[in-house]
Amino acid sequence: IKASTTPSHKPIHQKILPLKNAGLKQRRRGQYDKAVQTLEKAVKADKESVSARRYLAFAQVMQGNNLDALKSMQVLSKMVTPRSLDWYIFGQAYLGAGGPKHAKACFTQALTYSPDYDAARGGLIRALVATGDYDGAVSAVQEGLGKSKSPDVKKYYATMYSLVMAQKQASENSNISTPTETSSPQQSEDEGPILIKPTNGG
């Protein structure tokens, strides 16, 4: 008697593995639209897959679809306790959606889990610049430089420092002449719906 093990009885996670892998490859190639479509199929096939949802949110951020990324991360945060990568994705999505204060909180949370997470510190620096906290941004750059172990990372923070100082100079110049235009899209931050507030706890 033959055992009735047909391919259709494969566990769901095995079925979505090819979709997740394909989505990751597309994201690495910069094919963000395709990656989002592929990973949306993976999430539909297995709504319980944390990794598929995480990859989808990351691809949505890279695609520039920040509000959808926030929704994906909101669902994920109810499934598992967010870790450093999740807070980083949250931060990127908030920053892209014009919510630098929330982005700052998320990047800070990512750094509490992983103090050497340079991408999260880079996000924090951008969020601080977006809120006009140039001194805070410079401190974050200096902290990153202090932790840098490789020439590439040192170069990254040196570049960030130049950008911070350029933004600070531009801000000071615009205050003298005309009001900066960056204030208008950020006004909605406190008015719009807050999907998740980062906790201060561990």
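Everything here concerns the structure above.
The structure contained in this document is the topic of the report that follows. What you are looking at is a predicted structure, and each value in this text was computed from that prediction instead of being measured.

1. A few points about the side chain of S148
Then comes step 1: Positionally, S148 belongs in the loop between α8 (134-147) and α9 (151-176).
Then comes step 2: A polar contact is formed between the side chain of S148 and the backbone oxygen of G144, at a distance of 2.7 Å.
Then comes step 3: Ignoring any residue separated from it by four or fewer positions in sequence, one finds S148 in contact with V153, K154 and Y157.

2. Observations regarding the packing of helix α7 (residues 118-130) against α8
Then comes step 1: At a closest axis distance of 8 Å, the pairing of α7 and α8 adopts a crossing angle of 165°. With respect to α8, the axis of α7 lies roughly antiparallel. For the crossing formed where α7 meets α8, the hand is left-handed. For the pair α7 and α8, the contacting residues are R121, L124, I125, L128 and V129 in the first and Y134, G136, A137, A140, V141, E143, G144 and K147 in the second.
Then comes step 2: Counted by class, the contact of α7 with α8 contains eight nonpolar, two polar and three charged residues.

3. Things to note about the pattern of salt bridges
Note that side chains of opposite charge can pair when their charged atoms are close.
Then comes step 1: Following the criterion strictly, the structure yields five salt bridges and no others.
Then comes step 2: With a shortest N-O distance of 2.5 Å, R54 and D86 are connected by a salt bridge. Taken together, the positions of R54 in helix α3 (residues 50-63) and D86 in helix α5 (residues 84-96) put the pair 32 residues apart, joining distant regions of the chain.
Then comes step 3: For R54, a relative accessible area of 9% corresponds to the buried category.
Then comes step 4: Between D135 and K168 there is a salt bridge, and its shortest N-O distance comes to 3.9 Å.

4. A word on the nonpolar core
Then comes step 1: Membership of the largest hydrophobic core comes to 34 residues, with the highest contact counts inside it found for Y88, I89, F90, F107, A120, I125 and V164.
Then comes step 2: Of all elements in the fold, only α3, α4 (66-79), α5, α6 (100-113), α7, α8 and α9 reach the threshold of two or more residues within this core.
Then comes step 3: Among all residues touching F107, those that are not within four sequence positions of it are W87, Y88, G91, Q92, L95, A120, G123, L124 and A127.
Then comes step 4: The next biggest cluster of nonpolar side chains, apart from the first, holds nine residues, and it includes I16, V36, A42 and L56.

5. Considerations on the packing of α3 against α4
Then comes step 1: One way to put it is that α3 packs onto α4 with a least axis distance of 8 Å and a crossing angle of 160°. By the angle class used here, α3 and α4 are roughly antiparallel. Once α3 is placed against α4, the crossing between them reads as left-handed. Residue-level inspection shows V50, R53, R54, L56, A57, Q60 and V61 of α3 in contact with α4, the latter providing N66, D68, A69, S72, M73, V75, L76 and M79.
Then comes step 2: Its residues assigned to classes, the contact of α3 with α4 comprises nine nonpolar, three polar and three charged.

6. Some words on the packing of aromatic side chains
Then comes step 1: Across all of its chains, the model carries six aromatic pairs by this definition.
Then comes step 2: Taking 6.2 Å as the distance between ring centres and 65° as the angle between the ring planes, the aromatic pair formed by F58 and Y88 counts as edge-to-face. Highlighted residues: F58 in helix α3 and Y88 in helix α5, separated in sequence by 30 residues. Like F58, the residue Y88 is buried in the burial classification.
Then comes step 3: Seen from their ring centres, Y156 and Y157 are 5.1 Å apart, and the 65° between their planes marks the pair as edge-to-face.
Then comes step 4: Judged by its relative accessible area of 0%, Y157 falls in the buried class.
Then comes step 5: In textbook terms, an aromatic cluster arises when at least three aromatic residues are bridged by ring pairs, as seen for F58, Y88, F107 and Y117.

What counts, and where the lines are drawn
Residues numbered from 1 in each chain as written. Predicted model: local features only at pLDDT ≥ 70, side-chain atom pairs only at ≥ 80, totals over all residues. Heavy atoms only, no water. Helix = DSSP H or I, 4+ residues; strand = E, 2+ residues; numbered from the N terminus. Polar contact = N/O pair within 3.5 Å; in protein donor to acceptor, adjacent residues only side chain to side chain. Contact = heavy atoms within 4.5 Å. Axes fitted to C-alpha atoms, helices over the stretch in contact; angles between N-to-C directions. Parallel < 35°, antiparallel > 145°, perpendicular 65-115°, else oblique. Left-handed = near helix turned anticlockwise from the far one by under 90°. Nonpolar A, V, L, I, M, F, W, Y, C, P; charged D, E, K, R; others polar. Salt bridge = Lys/Arg side-chain N within 4 Å of Asp/Glu carboxyl O. Buried < 20%, exposed > 50% of the residue type's maximum accessible area, 1.4 Å probe, protein only. Core = buried A, V, L, I, M, F, W, Y, C linked by side-chain atoms within 4.5 Å. Phe/Tyr/Trp six-rings, centres within 6.5 Å; stacked < 30°, edge-to-face > 60°.

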